[in-house]
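One letter stands for each residue in the lines below.
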Amino acid sequence: MHRLSERGMKALAQVLIHVFFRRVELQHAARLPASGPVVLVANHTNGLVDGLLLLATLGRYPRFLGKSTLFKIPPLWPFLKFAGVIPVYRLIDGTTGERNVSAFATCHEILARGGTVALFPEGISHDESSLQPLRTGAARIALEAGIESGVPGVVTVAVGLTYDAKARFRSRALVRVGQPVPVAGWAEAYQREAHEAVRQFTAAVVDQLTLVSPPYESWAEAERMGAIARVMVRSPEGSLPEDVALADQAGVADRLARVGDDRLPKQALLTAFAAYQRDLDLLGLDDAQVTARYPAGTLRRTLVWSVLKVLAALPFAVLGVVVHVVPFQLMKRLAQLPANEGIKATVKLLGCFILFVIVYAALGVLAGRAFGAWVGLAVAVAAPGCGYVAVRLGERAQRIGGLLEGYRTVRDRRGVLRTVVARRAEVVRAAGAVLALP
């Protein structure tokens with residue numbers, strides 16, 4: 001029964017993540033051990049979406065620790081119980097730390113069975129551009145299980161979660177898995193002075209997380225480094241405008257961010273990129289449109305095929321819009337109320353799921369009473385499919401518009417573009433100089 005609930009929760013997480021995000025990338029998945037006890041730690045910037053993303057993408061099923069106050073929120077309680085989340089009682093919530101003895105014991109039992117325990121050691125979901133101070137829970141669980149309880153082979157694995165626009169529907173996400181770190185190497189230090197070993201181990205966890213979720217001074221810096229990285233990794237010989245892989249972008253952006261702005265090559269890069277960005281803004285183009293070549297045959301085939309798909313999907317998409325527009329707009333407005341961007345994403349994702357399921361059930365009951373049970377079942381099953389078709393059709397229509405707009409602008413301003421392309425080449429050269437720095 002337990003395995004069945006895990007498979008069911010993982011499948012649900014995969015569906016929700018697939019719908020909410022346009023694209024999810026998993027980098028270095030093979031680093032996560034296929035078996036054996038693992039304490040998994042991750043950065044926490046997107047509310048409950050972080051947990052769902054890990055459930056959906058990782059090859060193993062992680063048992064999460066979550067603050068006990070979450071269980072008091074009626075819409076969340078079923079998800080938390082179904083996922084097997086272990087409640088943690090925090091002093092700031094008015095409870096005593098003694099209640100966590102059972103939580104830690106549960107974690108030790110899971111690890112002893114060769115399972116995976118997952119924590120967000122920052123202890124809060126936040127909107128900051130860098131890691132927040134870590135709690136010691138992950139270190140204590142790993143060290144107590146691996147040394148005090150004698151569980152063999154305990155390792156910690158850091159996972160970095162990166163979003164290009166975490167609260168925006170149909171944005172992208174990246175999951176980066178770090179190298180496993182054995183706990184056994186800390187045995188002597190822990191036996192000598194447990195408290196100090198926990199402190200040092202927590203500092204080591206910070207280092208692990210920083211490798212997969214590097215800090216930025218601000219979100220403005222993160223966006224600027226990401227934009228420069230897109231220029232750096234995008235092929236200048238692209239046929240049609242395309243996104244670059246978020247993993248490639250993040251890897252370059254992180255390396256650029258680690259170089260101080262006071263270094264002369266970094267200053268030259270920032271100046272070159274500012275000039276290039278001004279040109280793009282004046283032309284109303286983005287880097288993907290500038291690098292595209294728009295070959296007539298490829299452009300024509302892409303447009304014709306896209307239009308045919310839109311026409312074929314249009315009847316289903318219209319039904320999807322009719323079914324979903326009211327609940328979606330309602331949740332969209334409710335999601336604007338929280339100040340935390342991660343909570344906004346949680347409200348959108350789980351709120352829409354709950355409200356949509358209610359709508360599907362209501363439509364199924366109405367159709368069943370009017371036309372029979374099988375028709376009601378068919379309506380309830382078809383409704384979410386039509387909604388997904390509507391989402392994909394909207395994206396397809398937006399791509400058609402972007403292709404036409406970019407092609408017309410590039411064609412009409414071909415003379416000006418020579419200067420813009422030269423500025424772009426300067427950005428690439430300057431970024432290469434920064435990346436070559438020791």
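Everything below is about the structure shown above.
The structure presented is a predicted model; accordingly, all values stated were derived computationally and were not measured. (Residues numbered from 1 in each chain as written. Predicted model: local features only at pLDDT ≥ 70, side-chain atom pairs only at ≥ 80, totals over all residues. Heavy atoms only, no water.)

Caption draft 1: Local environment of the overall build of the protein. Regarding its fold elements, the protein presents 15 helices and eight strands. When its C-alpha atoms are laid out on the principal axes, the protein stretches across 75 × 70 × 35 Å. For the protein, the exposed surface amounts to about 21800 Å²; the carbon and sulfur share of it is 62%. (Helix = DSSP H or I, 4+ residues; strand = E, 2+ residues; numbered from the N terminus. Areas by Shrake-Rupley, 256 points an atom, 1.4 Å probe, with all protein chains shown as cover.)

Caption draft 2: A look at the pattern of salt bridges. Using the criterion set out here, one finds 18 salt bridges in the structure. With a shortest N-O distance of 2.7 Å, aspartate 127 and lysine 166 are connected by a salt bridge. Note that aspartate 127 is positioned in the loop between β5 (116–119) and α5 (137–148) and lysine 166 in the loop between β6 (155–163) and β7 (171–177), a separation of 39 residues in sequence. You can call aspartate 127 partly exposed: its relative accessible area is 23%. Its salt-bridge partner being arginine 199, residue glutamate 196 comes within 2.5 Å of it at the nearest N-O pair. Within this pair, glutamate 196 and its partner arginine 199 are both found in helix α7 (residues 194–212), separated by three residues, close to a single helical turn. The class of arginine 199 is partly exposed, set by a relative accessible area of 48%. Three or more residues joined by partner-sharing salt bridges are found here, namely Arg170, Arg392 and Glu395. (Salt bridge = Lys/Arg side-chain N within 4 Å of Asp/Glu carboxyl O. Buried < 20%, exposed > 50% of the residue type's maximum accessible area, 1.4 Å probe, protein only.)

Caption draft 3: Summary view of the packing of aromatic side chains. Scanning the model with the defined rule gives nine aromatic pairs in all. Their ring planes at 65° and their centres at 5.7 Å tell us that phenylalanine 79 and phenylalanine 353 sit as a pair that is edge-to-face. Placement of phenylalanine 79 in helix α3 (residues 77–83) and of phenylalanine 353 in helix α13 (residues 341–371) is noted, with a sequence separation of 274 residues between them. Residue classification places phenylalanine 79 among the buried residues on the basis of a relative accessible area of 14%. In this structure an aromatic cluster arises from ring pairing among Phe20, Phe21, Tyr163, Phe169 and Phe328. (Phe/Tyr/Trp six-rings, centres within 6.5 Å; stacked < 30°, edge-to-face > 60°.)

Caption draft 4: Molecular detail of the packing of helix α2 (residues 47–57) against α13. Contact pair α2 / α13: the axes reach a minimum separation of 6 Å and the direction vectors enclose 65°. Where α2 approaches α13, its residues Gly47, Leu48, Val49 and Leu52 are matched on the opposing element by Gly342, Ala345, Thr346, Leu349 and Leu350. Residue composition of the contact of α2 with α13, by class: six nonpolar, three polar and no charged. (Axes fitted to C-alpha atoms, helices over the stretch in contact; angles between N-to-C directions. Contact = heavy atoms within 4.5 Å. Nonpolar A, V, L, I, M, F, W, Y, C, P; charged D, E, K, R; others polar.)

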